[in-house]
Amino acid sequence: MHREPLRMVATNTDELEAGTDSSYDRKSELKVFDDSKAGVQGLVENGVTKVPRIFYCEHSNLSDGLTSASNSKISVPIIDLTGIHDDPILRDNVVEEVRYACEKWGFFQVINHGIPNHVLDEMIKGTREFHQQDAKVRKDYYSRDASRKVAYLSNYTLYEDPSADWRDTLAFSLAPNPPKDEEFPAVCRDIVIEYSKKITVLAHALFELLSEALGLDRFYLKETGCDEGILLLCHYYPGCPEPELTMGNSKHSDGNFMTILLQDQVGGLQVLHDSEWIDVSPLHGALVVNIGDLLQLLTNDKFISVEHRVLAMHEGPRISVASFFRTGIAKAFGPIKELLSEDHPPAYREISLKDYMSHRYTSGSGTSALLHFKL
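Residues numbered from 1 in each chain as written. Predicted model: local features only at pLDDT ≥ 70, side-chain atom pairs only at ≥ 80, totals over all residues. Heavy atoms only, no water.

**Student:** Provide a residue-level description of the overall build of the protein chain, including the pertinent values.
**Tutor:** Counting secondary structure elements, the protein chain contains 10 helices and 14 strands. Within the protein chain, the proportion of its 375 residues that are buried is 54%. Long-range contacts, defined as pairs at least 24 residues apart, comprise 78% of the intrachain contacts of the protein chain with a sequence gap of at least 6. Accessible surface for the protein chain amounts to roughly 16,600 Å². Of this, 51% is attributable to carbon and sulfur atoms. (Helix = DSSP H or I, 4+ residues; strand = E, 2+ residues; numbered from the N terminus. Buried < 20%, exposed > 50% of the residue type's maximum accessible area, 1.4 Å probe, protein only. Contact = heavy atoms within 4.5 Å. Areas by Shrake-Rupley, 256 points an atom, 1.4 Å probe, with all protein chains shown as cover.)

So this is what it looks like as structure tokens:
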């Protein structure tokens, strides 16, 4: 994920100017941290009271000038899915709400989505229990091997990013080829399997609503293969001793078609809307839905993929579970022909997920990966 340099807020400027300290060996510090295989949680378990320099960020929670007191008066749209399968009038109303949210926000929350609260709560609990079990047990899953279907790690692009985020992740590649039952960690196996089944059903319903919001046949996006690949990311953000120096998740847009996010009640998620960071306030029982870069490309900019971030906080841990929906790695796709006209010519060339991912982390600071594929 790209990072845009912003002003730093800190109490000790000399400490933060790592580039001027010839004794600082960032690569070695990264390797020591990675080789511990215990993640950020391992630092907390060892009683860390200062944020290690590898996490120092050239932007802080409050230094970008885009957060104002007024953001508490604005909120991400909340859409009630009650009756969408039974009442055509209610469904039409929901489709209109989805269209507005996808065109103006790129984010919305859904309630009455059909997944019981106890399943959501158990998924949060299962994620917590994995990350809080003995480090010796967690280490068995720690890996940067992209071919593994179940992997625990801290920061996917740890060695490439200018700063590490204060976050660990347990990742499951669930589709098209799911892990075997024995590959799932015992502490959360049952709930991950149950939750993934239910979130996939919800995703199908949401892709139908998105298709209709585009004026297309209900099954258009599903038949395009938008949900062929499913990645489940169980994030764990430990409480941070110096949250002003780092980020929980630096600003980014998602490299997929759609994300469905379950978050606990701690807060910290923000979306960039009209040049201001807006809090996505936790709502028990709700799920956050956002459009990814690939759907912005597919819809020829009709639906927008927007930047979002997670603040590091003293309070913790914060727990969230992101379900990423994407297509096969080699499958080609481009702007939907039915959405094109003389007045709306294609804005992007046809690409594959492999094309997109190969460019995503080389697009440069502050630059959307989508710009590379513009016609």
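Let's pick the thread back up.
**Student:** Could you give an account of the packing of aromatic side chains, with specific residues and numbers?
**Tutor:** Under the defined criterion, the tally for this structure stands at 9 aromatic pairs. The cationic tip of Arg53 hangs over the ring face of Tyr24; the distance from NZ or CZ to the ring centre is 4.7 Å. (Phe/Tyr/Trp six-rings, centres within 6.5 Å; stacked < 30°, edge-to-face > 60°. Lys NZ or Arg CZ within 6 Å of the ring centre and 35° of its normal.)

**Student:** Residues and numbers for the pattern of salt bridges, please.
**Tutor:** One pass over the structure, following the stated rule, counts 17 salt bridges. One salt bridge connects Lys31 with Asp35, and the closest N-O pair in it is separated by 2.6 Å. Taken as a pair, Lys31 and Asp35 lie in helix α2 (residues 26-36) at a separation of 4 residues, close to a single helical turn. Relative accessible area serves as the criterion here: at 47%, Lys31 is assigned to the partly exposed category. Asp301 is paired through a salt bridge with Lys374; the nearest N and O atoms lie 3.0 Å apart. Placement of the pair is Asp301 in the loop between α9 (293-298) and β11 (308-311) and Lys374 in the segment after α10 (353-360), with a sequence separation of 73 residues. A single network of salt bridges, built from pairs that share partners, joins Arg91, Glu208, Glu212 and Arg218. (Salt bridge = Lys/Arg side-chain N within 4 Å of Asp/Glu carboxyl O.)

It is worth stressing that arrangement in space is one thing and function is another; only the former is reported here.
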